[in-house]
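# Chain and residue survey
The residues making up each chain are set out below.
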Amino acid sequence: MRCPRLEIRVAAVSHNARVLVERLGTLGIAVCGVTKATLGSPDVARALLDAGVSTLGDARLENVERLRGAGISAEIALLRSPMTSEIDRVVESVDVSLNSELDVVALLSASARGRRKRHGVVLMVELGDLREGVMPCDVLDAVERVIAMPGIELRGIGANLACRSGIVPDRSNMAELSVHANAIESEFAVDLDIVSGGNSANIAWALATGVDVGRVNHLRLGEAILLGREPLLRSPIDGLELDAFTVVGEVIESKTKPVHPRGAVGQAAFGELTAVASPATRTGGVDAVADDRTCRQVIVAVGRQDIDPDGLVMPDGFRILGASSDHLVLEAQHSAPGVGDELRFGVNYSALLRAMTSGSVTPYYFEASPASAASPDLLDAGR
Ligand SMILES: *Cc1c(COP(=O)(O)O)cnc(C)c1O
């Protein structure tokens, strides 16, 4: 197998999705399984659908088109407002899009009419995080205009929190969304089929004991399913698998080297503070306090082009010393790995995104764990 690579245990993703679908299902909340961190991987999408998600969601049209190209016919929501330059393609491959600009909905309407299709719209409401959404005072007016547009079906309303400003989904802002849903239905005699409360950051709110979820009947979940954590504190969610994704890199150098660099210190390649130079260097080069400690230093052929070094979870007994575009420098604390050895790293959301989008990390999709299964079942490799 190639290195660096991203190993994806599809069964773990599917397990996580199934657990969340069941738990949220008892609250009357359906799960839209979000594929964008995997760039719309058909293998992941199929695992989500098998696990019972009601629909798929992705922020990017090219990912939706990848899913359609792979033969996935389930309902897909476009989570980012369509660009005016992609309207026809959106109407072609997406069933429902999240919208906050009436001009865009009007273009969707014109395109849908031309194609004799109906396009679903979820109107996003700004609830405090200050990313997408119409202002609360404009909701009724916006709904009135959307309902009047031919070819458009108002499927519901939604909110997105904790993305731009870190605003926490709670009883108060979720209750506000319910108030909007009720007001819209009584004002216009429509039924909102979707009241979409938010993303993985809503998990803590939804799973808190005794919570009244009100009208919220839909959440769009990516990170919680893929990584098994809720994004507000990044705490593990009970019963979920945390290691569905693993970055594997290969050791290209392994030597005993001094702990401190030698010479005058400027900025490193990415401007970060480097390890402190030896006391001798700092005091002008005279060998005042010799610090000749050494460590086992290992270079892995993976770098900032491939992963976010701050988002990697080191294997046991390794500590990160630095990272540049193509090199990850580690200290091996209790071992001396050899050239050609592979090291395995956990990822957070940022490292996962970088690995998926990098182009130089090859994704491998496994049905079972490649580490534990005697003969792992490789579903798919490459992108
Ligand atoms: C990415 C995204 C989601 C999913 O977010 P996670 O934190 O991965 O669950 C939901 N809604 C919108 C609008 C998004 O852009």
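For the structure itself, consult the block above.
So, a few notes on the structure that sits alongside this text. Every chain is numbered independently, its residues counted from 1 as its sequence is written. Local features in a predicted model are, by the rule used here, given only for residues with pLDDT of at least 70; side-chain atom pairs are given and counted only at 80 or more, and totals for whole chains, interfaces and linings are based on all residues. Heavy atoms from the whole structure form the basis of all side-chain values; hydrogens and water molecules are not counted.

Let's shift gears to the overall build of the protein chain. In this description a helix means any DSSP run of H or I spanning at least four residues, a strand means any run of E spanning at least two, and both kinds are numbered starting from the N terminus. Helix and strand content of the protein chain: 11 helices and 19 strands. Principal axes of the C-alpha set define a box for the protein chain whose edges measure 80 × 50 × 45 Å. Categorising residues by exposure relies on relative accessible area from a 1.4 Å probe, with only protein chains included: less than 20% of the type maximum marks a residue as buried, more than 50% marks it as exposed, and the intermediate range marks it as partly exposed. For the protein chain, the residues scored as buried account for 49% of the 383 residues in total. Taking the intrachain contacts of the protein chain between residues at least 6 apart in sequence as the baseline, contacts between residues at least 24 apart amount to 64%. Working rule for contacts: check all heavy atoms of both residues, and any pair within 4.5 Å makes them a contact.

A few words now on the pairing of strand E2 (residues 30–34). Burial of E2 is extensive: 4 of the 5 residues sit out of reach of the surface. Strand pairing is assigned whenever DSSP identifies at least 2 bridges connecting the two strands. Relative to strand E9 (residues 218–221), E2 runs parallel, the two sharing 4 bridges. Across the sheet, the residue bridging to Gly33 is Leu221, located in E9. Where E2 and strand E3 (residues 55–58) come together, 3 bridges link them in parallel fashion.

When two helices pack together, their arrangement is given by the angle between the helix axes and the distance between those axes. Between the N-to-C directions of two axes lies an angle of 0 to 180 degrees, each axis being a line fitted to C-alpha atoms and, for a helix, fitted only over the stretch in contact. Relative to each other, helix H1 (residues 10–25) and helix H2 (residues 42–50) sit at 35°, their axes nearing to 8 Å. In the packing of H1 onto H2, the handedness of the crossing is right-handed. Of the residues in H2, those touching H1 at Val10, Val13, Ser14, Ala17 and Arg18 are Asp43, Val44, Ala47, Leu48 and Asp50. All amino acids are sorted into three groups, where Ala, Val, Leu, Ile, Met, Phe, Trp, Tyr, Cys and Pro are nonpolar, Asp, Glu, Lys and Arg are charged, and the leftover types, Gly among them, are polar. For the contact of H1 with H2, a count of residues per class yields 6 nonpolar, 1 polar and 3 charged. Crossings are classed by handedness, with left-handed meaning an anticlockwise turn of the near helix from the far one by less than a right angle and right-handed meaning a clockwise turn.

Right, let's talk about the sheet that holds strand E4 (residues 76–78) for a bit. Pairing is parallel in the closed barrel, where 8 strands are placed in the order E2-E3-E4-E5-E6-E7-E8-E9. Taking each pair of neighbouring strands and ignoring which way they run, the sheet shows an average axis angle of 30°. In this structure, strand E6 (residues 119–124) lies alongside strand E7 (residues 152–158), joined through 6 bridges in parallel fashion. Its bridge partner lying in E7, Val122 is registered against Gly156.

What counts as a ring pair is set by centres within 6.5 Å for rings of Phe, Tyr and Trp (its six-membered ring), and what kind of pair is set by the plane angle: stacked under 30 degrees, edge-to-face over 60, tilted for all other angles. The full count for this structure, using the stated rule, is 1 aromatic pair. Considering the side-chain rings of Tyr364 and Phe366, the 6.5 Å spacing of their centres and the 15° angle between planes classify their relative orientation as stacked. Note on Tyr364: relative accessible area 7%, which makes it buried. Remark: a charge is flagged as sitting over a ring if the NZ atom of Lys or the CZ atom of Arg is within 6 Å of the ring centre and within 35 degrees of the ring normal. Over the ring of Phe270 we find Arg304, and its NZ or CZ is 4.7 Å from the ring centre.

Any Lys or Arg side-chain nitrogen found within 4 Å of a carboxyl oxygen on Asp or Glu counts as a salt bridge. Here the structure, examined in full by the defined rule, presents 19 salt bridges. Residue Arg115 is joined to Asp88 by a salt bridge in which the shortest nitrogen-to-oxygen separation is 3.5 Å. A residue pair is termed long-range when its members are at least 10 positions apart, and Arg115 in the loop between helix H5 (102–114) and E6 and Asp88 in helix H4 (residues 87–93) qualify at 27 residues. For the salt bridge of Glu92 with Lys117, the shortest nitrogen-to-oxygen distance reads 3.9 Å. Residue Glu92 is located in helix H4, and its partner Lys117 is located in the loop between H5 and E6; the two are separated by 25 residues in the primary sequence. Residue classification places Glu92 among the partly exposed positions, given a relative accessible area of 45%. Residue classification places Lys117 among the partly exposed positions, given a relative accessible area of 32%. Taken together, the shared-partner salt bridges connect Arg5, Glu7, Glu342 and Arg344 into one network.

Counting through the fold element by element, Thr84 comes out in the loop between E4 and H4. Separated by 24 residues in sequence, Thr84 and Leu108 place their C-alpha atoms 8.8 Å apart. Residues within four places of Thr84 in sequence aside, it is in contact with Val104 and Leu107.

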